[in-house]
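Next come the chains, spelled out residue by residue.
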Amino acid sequence: MRPVAAPAACPDLLRWGAPELYGRWQLQLPDLGQQGTLVLRRHPEFGASLRGEFEIAGLRSIASGDLEEGEFNLDESRDGKSLFAFWSGRLVPHACGREIRGQMQQLDRPGAPGRESRFVLRRLNAAPGW
């Protein structure tokens, strides 16, 4: 099966950096039956990186990460100190920068084994014209 190419009017997603992802995203974790939101903005210490906040099932957490050549990676922390989960995905070409798909992997915790789920992020209030 050939990958679906982006329409000609789409931006070149491989050239995108963190600023193109700033904003609010709807989140789905289909394997866990959970939904939420992610807000992304400029990282306060590393200008080319991302900082954000998840809200999933009423719980809030902090995210930090990067976007390089269409590859999206975030580290999630629930307490601001220790790692809770890894998020790794890619911008979806035919969605023109409005969707990211990948895999979320929670780490093992005492008494609670780690869990995994596919994820889908869809941009809320996307800019018109793509």
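As shown above, the structure is provided for reference.
### Describing the pairing of strand β4 (residues 59-68)
- Note: strand β3 (residues 50-56) against β4, seven bridges, orientation antiparallel. Within the sheet, the bridge partner assigned to glutamate 53 lies in β4 and is isoleucine 62.
- Counting the residues in the hairpin turn of β3 and β4 gives two residues, including alanine 57, whose phi is positive at 50°.
- Strand direction decides the pairing type here: β4 and strand β5 (residues 71-77), joined by seven bridges, are antiparallel. Bridging across to β5, serine 64 finds its partner in aspartate 75.
- Hairpin connection from β4 to β5: two residues lie between these consecutive antiparallel strands, with glutamate 69 at a positive phi of about 50°.

### Remarks on the pairing of β3
- The alternating pattern of β3 places Leu50, Gly52, Phe54 and Ile56 on a buried face, while none of Arg51, Glu53 and Glu55, on the opposite face, is buried.
- The sheet contact formed by strand β2 (residues 34-42) and β3 spans seven bridges and is antiparallel. When the bridges of β3 are listed, threonine 37 appears paired with glutamate 55.

### What to know about the packing of aromatic side chains
- One pass over the structure, following the stated rule, counts three aromatic pairs.
- Each ring, one from phenylalanine 54 and one from tryptophan 87, has its centre 4.5 Å from the other, and the planes form 20°; the classification is stacked. On the criterion of sequence distance, the pair formed by phenylalanine 54 in strand β3 and tryptophan 87 in strand β6 (residues 85-91) is long-range, its members being 33 residues apart.
- Given a relative accessible area of 2%, tryptophan 87 falls into the buried group.
- Grouped by ring-pair contacts, the aromatic residues Phe54, Phe72, Trp87 and Phe119 constitute a single cluster.
- When the ring centre of phenylalanine 84 is taken as reference, the NZ or CZ atom of arginine 78 above it lies at 3.9 Å.

Here is what the cut-offs are and how they apply
- Residues numbered from 1 in each chain as written.
- Predicted model: local features only at pLDDT ≥ 70, side-chain atom pairs only at ≥ 80, totals over all residues.
- Heavy atoms only, no water.
- Pairing = 2+ DSSP bridges.
- Helix = DSSP H or I, 4+ residues; strand = E, 2+ residues; numbered from the N terminus.
- Buried < 20%, exposed > 50% of the residue type's maximum accessible area, 1.4 Å probe, protein only.
- Phe/Tyr/Trp six-rings, centres within 6.5 Å; stacked < 30°, edge-to-face > 60°.
- Lys NZ or Arg CZ within 6 Å of the ring centre and 35° of its normal.

The values are spatial; any link to function lies outside them.
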